[in-house]
Amino acid sequence: MSLQGGRMYPNGSDSPVLLQTPPQKLFPHSRTTFSPIKRFISGLFLIVHYPRKGNRLKRSLFSCMMFFFLGILLGMAPFENDSMLDLKSVDLLNDGFQAAVPVNVSELVVGGEVGVVKKLVDSDNLDASAISFRNEKNPIPDSASIEKPLVVVTPTYNRGLQAYYLNRLGQVLRLLKPPVLWIVVEAKVASLETADILRNLGVVYRHLVCKKTNTNVKDRGVHQRNTALEHIEKYKLNGIVYFADDDNVYTIELFESIRNISRFGAWPVGMMAHSKNKAILEGPVCSGNQVIGWHTNEKSKRLRRFHVDMSGFAFNSTILWDPKRWRRPFSGPIRQLDTVKEGFQETTFIEQIVEDESQMEAVPHSCSQIMNWHLHLDASEIAYPSGWILKRNLDVDIPSNQ
């Protein structure tokens, strides 16, 4: 090593020496130099100078194919997306919904509707009030505004004014806030006329047929009501059950009031005396929300335990199929009896539901209103021939004044 002009060069030379290192190949054949993955990536992104011009086309095609397959692989790769939510985390129930896992999104789609989450909540402190639903055309109400379901049971039979009575009652039911289920029961066979009336009323209904009949029973609706009770018990329908005969007169306030019943509710019913010359009351005497006595007018019915009309009470349907909840003394089915005298079907049925007046609720408060009437105005002299059907409505054609 020598020193020249203050600079030192190796090997004692006066001029700098260029140290040449052996050239390294870009793609060595040794497998220990690059791994297969590194060789693949190098083949994609490094530019190789081929000695021949004819290989440029092959190089371009090779690069295009490699990038094409790389794009397919990237498209199929799973990526986490915080805006996705497993719909299984939300369990829709009869009276609302419950979420089982934390909700971490801003929008939720359930049944075609858009649900907006107002705030994020933890899984331990998840509250249904944190989620509200909106839909401009058909808004979904929250659990607090959902009305208690009504299950209205109506036995009917062929007679001259049957169509008039069914249409009148159906028009009242269609004015009620949903949910309302109308169970109409016919004897022996479901008539086409009744089915057509129910189909055109716009009320949610179930058309049942009672196969059991007994000519000795004066109250022909006993077996028909039992058919409806069996249906409610079998399918565990949840709501307030009310026996509404088709020939009675009802107000909308009655149906809205019985939604508030917890177990069993009763109210006074206006009735026409058998002489048709005066009106009488039958039902409870109330003080506030308590039943303290009964209105009665017929000496033959003073032996009844509860003096109430068939259309003067309603009860919770869960009493029929959930005896443990209400601590019923027996677990057998609750049915109306066909072995008792006329006028005693109501009291024998109620005795299976409640023990005494302490388990009853006054509807409305203090029983201050008469909300339905049992008038007994059916016209028995109107003939209704069997198989008599009008194929066309008797519409009147009014000629134009031309």
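Just so you know, these numbers come straight off a predicted model, no measurement behind them. (Residues numbered from 1 in each chain as written. Predicted model: local features only at pLDDT ≥ 70, side-chain atom pairs only at ≥ 80, totals over all residues. Heavy atoms only, no water.)

1. Here's the deal with the overall build of the protein chain
- Along the backbone of the protein chain there are nine helices and 19 strands.
- Sorting the 402 residues of the protein chain into buried and exposed places 36% on the buried side.
- Looking at the protein chain alone, contacts between residues at least 24 apart form 61% of all its contacts between residues at least 6 apart. (Helix = DSSP H or I, 4+ residues; strand = E, 2+ residues; numbered from the N terminus. Buried < 20%, exposed > 50% of the residue type's maximum accessible area, 1.4 Å probe, protein only. Contact = heavy atoms within 4.5 Å.)

2. Considerations on the confidence of the model for the protein chain
- Taken as a whole, the protein chain shows an average pLDDT of 74; of its residues, 60% reach a score of 70 or greater.
- A low-confidence stretch, residues 1-6 stays under pLDDT 50, and its non-local contacts, those more than four residues away or across chains, total 14 contacts. (pLDDT = per-residue confidence, 0-100.)

3. Here's the deal with the pattern of salt bridges
- Taken as a whole and assessed by the stated rule, the structure comprises seven salt bridges.
- Among the ionic pairs, D245 bridges to R225, the shortest N-O distance being 3.2 Å. With D245 in the loop between β11 (240-243) and β12 (249-250) and R225 in helix α5 (residues 221-235), the pair connects residues that are 20 residues apart, well separated along the chain. Accessibility assignment for this pair places D245 and R225 in one class, buried.
- A salt bridge links R335 to E233; the shortest N-O distance between them is 2.8 Å. One end of the pair, R335, is in the loop between α8 (323-326) and α9 (345-350); the other, E233, is in helix α5, and 102 residues separate them in sequence. (Salt bridge = Lys/Arg side-chain N within 4 Å of Asp/Glu carboxyl O.)

4. Considerations on the nonpolar core
- By size, the foremost hydrophobic cluster in this structure holds 34 residues, and its most contacted members are I183, F243, F264, F313 and F315.
- Discounting chain neighbours no more than four positions away, the residues touching F264 are F313, A314, F315, I350, I353, V354, Q359, M360 and E361.
- Listed in part, the 30 residues of the second largest apolar core include L150, V180, A244 and W267. (Core = buried A, V, L, I, M, F, W, Y, C linked by side-chain atoms within 4.5 Å.)

5. Let's talk about the sheet that holds β11
- Taking strand neighbours across the sheet as the criterion, the seven strands line up as β10-β9-β8-β11-β17-β13-β18 in an open arrangement whose pairing is mixed. At either margin of the open sheet sits one strand with a lone partner, and together these are β10 (205-210) and β18 (361-362).
- As paired strands, strand β9 (residues 180-187) and β10 are joined by six bridges and run parallel to one another. Note on β10: the bridge partner recorded for W182 is Y205. (Pairing = 2+ DSSP bridges.)

6. Things to note about a nonpolar patch on the surface
- Residues M65, F68, F69, I72 and M76 make up a contiguous nonpolar surface patch of about 530 Å² in total accessible area.
- Within the secondary structure, I72 is located in helix α2 (residues 55-76).
- I72 gets classed as partly exposed once you look at its relative accessible area, which sits at 37%. (Patch = residues over 30% accessible without salt bridge, like charges linked within 9 Å, V, L, I, M, F, W, Y side chains within 5 Å. Areas by Shrake-Rupley, 256 points an atom, 1.4 Å probe, with all protein chains shown as cover.)

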